[in-house]
Amino acid sequence: MKRAALFVIAGPVGIAAYGLVRLWGRSDGVYGPGLDWQAAHLVGLAGMVCFVPAVLALAGLLPRSPWRTGVVALTMVGLAATMVQFGADIVEGLLATDRAEMSALGADFKDIPGVEVAFYDVVPQFFFLGLVVLAGMLVARRRLPWWSVPLLVVGIVAPAVTLNLLPVGGLCMLAALAPALPALRQQGERAEPPVAVR
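Note that this is a predicted model, so its numbers are computed, not measured.

Would you take a moment to explain the overall build of the protein for this structure?
In terms of helices and strands, the protein carries 9 helices and 0 strands. Each helix and strand of the protein, ordered N terminal to C terminal, gives the series α-α-α-α-α-α-α-α-α. Taken over C-alpha atoms, the radius of gyration comes to 18 Å for the protein, in line with the 16 Å a tight globule of 198 residues would show. Projected onto its principal axes, the C-alpha positions of the protein cover 60 × 40 × 35 Å. For the protein, the residues scored as buried account for 41% of the 198 residues in total. For the protein, long-range pairs separated by at least 24 residues make up 73% of all intrachain contacts whose partners lie at least 6 apart in sequence. Here the protein holds 14 positive side-chain charges and 12 negative ones, and the gap between their average locations is 24 Å.

Looking at this structure, how should I read the side chain of Asp36?
Tracing the sequence through the fold places Asp36 in helix 2 (residues 35-59). For the buried residue Asp36, which engages in no salt bridge, the nearest side chain bearing the opposite charge is Arg99, 8.1 Å off. Contact partners of Asp36, with chain neighbours within four places excluded, come to Val21, Trp24, Gly25, Val30 and Tyr31.

Is there a simple way to think about the packing of helix 7 (residues 148-161) against helix 8 (residues 166-177) in this case?
Pairs of packed helices are described in terms of their axes, by the angle between the two and the distance that separates them. One can describe the packing of helix 7 onto helix 8 by two numbers: an axis separation of 8 Å at closest approach and a directional angle of 165 degrees. Our classification of the angle between helix 7 and helix 8 gives roughly antiparallel. Here helix 7 runs over helix 8; the crossing is left-handed. Residue-level contacts link Ser148, Leu151, Leu152, Val154, Gly155 and Pro159 of helix 7 to Leu166, Gly169, Cys172, Met173, Ala175 and Ala176 of helix 8. When grouped by side-chain class, the residues that make up the contact of helix 7 with helix 8 number 9 nonpolar, 3 polar and no charged.

For this particular structure, what's the right way to read the environment of Phe126?
Among the structural elements, Phe126 can be located in helix 6 (residues 125-140). For the pair Phe126 and Val168, spaced 42 residues apart in sequence, the C-alpha separation works out to 21 Å. Residue contacts for Phe126: discarding those within four places in its chain leaves Leu74, Thr75, Val77 and Gly78.

How should the packing of aromatic side chains be read in this particular structure?
Here the distance between the centres and the angle between the planes together describe a pair of aromatic rings. What the rule picks out here adds up to 6 aromatic pairs. Centre to centre, the rings of Phe51 and Phe127 are 5.0 Å apart; their planes meet at 65 degrees, and the pair counts as edge-to-face. Of this pair, Phe51 sits in helix 2 while Phe127 sits in helix 6, placing them 76 residues apart in sequence. Assessed through its relative accessible area of 1%, Phe51 is described here as buried. Note on Phe127: relative accessible area 0%, which makes it buried.

Looking at this model, I keep getting lost on helix 2. Mind explaining?
Side chains three or four residues apart in an α-helix point the same way, a direct result of the helix having 3.6 residues per turn. Over its 25 residues, helix 2 runs 36 Å from end to end, which matches the ideal 36 Å to within 8%, given 1.5 Å per residue. At Val52, helix 2 shows its maximal kink, close to 25 degrees; a proline, Pro53, follows between one and four residues later.

Is there a simple way to explain the state of the cysteines in this structure?
Covalent bonding between the sulfur atoms of two cysteines defines a disulfide. Counted by the stated rule, this structure contains 0 disulfides. For Cys50, which is in no disulfide, the shortest distance to another cysteine sulfur is to Cys172 and amounts to 19 Å.

Looking at this structure, how should I read the nonpolar core?
What tends to happen in soluble globular proteins is that the nonpolar side chains get buried as a cluster. Judged by nonpolar contacts, the single largest core of 41 residues is most densely connected at Phe51, Leu58, Leu134 and Leu184. Among the elements of the structure, helix 1 (2-26), helix 2, helix 3 (66-95), helix 6, helix 7, helix 8 and helix 9 (181-191) are those that each provide at least two residues to this core. Apart from residues lying up to four places away in sequence, Phe51 is in contact with Gly11, Pro12, Ile15, Leu79, Phe127, Leu131, Met173 and Leu177.

Rules of the game
Residues numbered from 1 in each chain as written. Predicted model: local features only at pLDDT ≥ 70, side-chain atom pairs only at ≥ 80, totals over all residues. Heavy atoms only, no water. Helix = DSSP H or I, 4+ residues; strand = E, 2+ residues; numbered from the N terminus. Rg over C-alpha atoms; globule rule 2.2 N^0.38 Å. Buried < 20%, exposed > 50% of the residue type's maximum accessible area, 1.4 Å probe, protein only. Contact = heavy atoms within 4.5 Å. Lys, Arg positive; Asp, Glu negative; His and termini not counted. Charge placed at Lys NZ, Arg CZ, Asp CG, Glu CD. Salt bridge = Lys/Arg side-chain N within 4 Å of Asp/Glu carboxyl O. Axes fitted to C-alpha atoms, helices over the stretch in contact; angles between N-to-C directions. Parallel < 35°, antiparallel > 145°, perpendicular 65-115°, else oblique. Left-handed = near helix turned anticlockwise from the far one by under 90°. Nonpolar A, V, L, I, M, F, W, Y, C, P; charged D, E, K, R; others polar. Phe/Tyr/Trp six-rings, centres within 6.5 Å; stacked < 30°, edge-to-face > 60°. Expected span 1.5 Å × (residues − 1). Bend = angle between axes of the 7 residues up to and from the residue. Disulfide = S-S within 2.5 Å. Core = buried A, V, L, I, M, F, W, Y, C linked by side-chain atoms within 4.5 Å.

Here is the structure:
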């Protein structure tokens, strides 16, 4: 669980880093395809991957229940859809020779029935919804302070207003979840087997 605490940090940091690399890539007026596009999306994908053990670790601070299981499942489905979205963007960036071709490849992918709903408009939002509900459950158990939920919502909504706020969103998410780190470390220490004395 000590390692799990690192994932709780790495997930939001990955979102913030994705936003920073994206801003750097857009600074010259040409963003994608190319190194800047790939770097930003690889960092973002790494952040999403880190959220998988992070969510499981945070859920581990709660007693087992159907509610906990359902929220974790909802969050994981949203995470999986988000990862597919990042993966598609990376592949499109690799295949395209210019921005217009990349946009055309993206449009072709979204034209596949169900893709836009499953990987862009609806299902990825389950990750954010599940994370907020999970935080609310942790607040109810006093594993997080009351202000974690509104701060987490700000971190989620800000990038929805403009992607330029991704770094702010990632930092807000980190600040919202950071109060759970001591509990994760304590749980990790209790889970470690005792060292044999010879």
